[in-house]
Amino acid sequence: MFIISLNYIKAISEIEPLIDAHNDFLNKYYAEKKFLISGRKNPRTGGIIIAQNATIEEVKEIIKEDPFHQHQLAEYEITEFLPTKFNAELQNVLEAL
């Protein structure tokens, strides 16, 4: 699994016009079972995406499709992790990996 941390490098006024396109990007990878969860940081300085069922190379390629990346609005940090403890309700999700 991967934590993709987006940090905005432009003003929110430049981010807002691309929110719908960014959501389309997210929806594409939810449909492909690559994204598990995502959301805004609080305060609103970026976002977090939890990715699964992908290699680090695939994650890097996926990020290139994000409109925030294409318009140089955010920087991305990718952290790979191996889940070892989890809430029992996530068992089915983790078994699918």
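Just so it is clear, the model here is predicted, and its values are computed rather than measured.

## Observations regarding the overall build of the chain
Secondary structure summary: the chain contains five helices and four strands in total. When the helices and strands of the chain are listed from N to C terminus, the series reads β-α-α-β-β-α-α-β-α. On C-alpha atoms alone, the chain measures out to a radius of gyration of 14 Å, which is about the 13 Å that the 2.2 N^0.38 rule sets for 97 residues. Dimensions of the chain along its principal axes, counting C-alpha atoms only, are 40 × 25 × 20 Å. For the chain, buried positions account for 33% of its 97 residues. When contacts within the chain are restricted to residue pairs at least 6 apart in sequence, long-range pairs at least 24 apart make up 68% of them.

## Let's talk about the nonpolar core
Membership of the largest hydrophobic core comes to 20 residues, with the highest contact counts inside it found for I4, F25, F35, I49, V59 and F68. Mapped by element, the contributors of at least two residues to this core are β1 (2–8), α2 (19–31), β3 (46–51) and α3 (56–63). When near neighbours in sequence (up to four residues on either side) are disregarded, I4 contacts F35, G47, I48, I49, A51, V59, I63, Y76 and E77.

## Examining α3
Within α3, the full set of buried residues consists of V59, I62 and I63. Angularly, the buried residues of α3 cover 100 degrees about the axis, an arc narrow enough to put them on a single face. Residues of α3 that are buried sit in contact with β1, α2, β2 (35–40), β3, α4 (67–70) and β4 (74–80).

## A word on α2
The end-to-end C-alpha distance of α2 is 18 Å, a good match for the 18 Å that 13 residues give at a rise of 1.5 Å each. Taken residue by residue, α2 has I19, H22, F25, L26 and Y29 as its buried positions. Projection of α2 onto a plane perpendicular to its axis shows the buried side chains occupying an angular sector of 120 degrees, all on one side. Along α2, the residues that are exposed and aim more than 90 degrees away from the buried face are D20, D24 and A31. Summarising the contacts, the buried residues of α2 are in contact with β1, α1 (12–15), β2, β3, α3 and α4.

Scoring rules and cut-offs
Residues numbered from 1 in each chain as written. Predicted model: local features only at pLDDT ≥ 70, side-chain atom pairs only at ≥ 80, totals over all residues. Heavy atoms only, no water. Helix = DSSP H or I, 4+ residues; strand = E, 2+ residues; numbered from the N terminus. Rg over C-alpha atoms; globule rule 2.2 N^0.38 Å. Buried < 20%, exposed > 50% of the residue type's maximum accessible area, 1.4 Å probe, protein only. Contact = heavy atoms within 4.5 Å. Core = buried A, V, L, I, M, F, W, Y, C linked by side-chain atoms within 4.5 Å. Arc of directions from axis to C-beta. Expected span 1.5 Å × (residues − 1).

The analysis is restricted to geometry; functional conclusions fall outside its scope.
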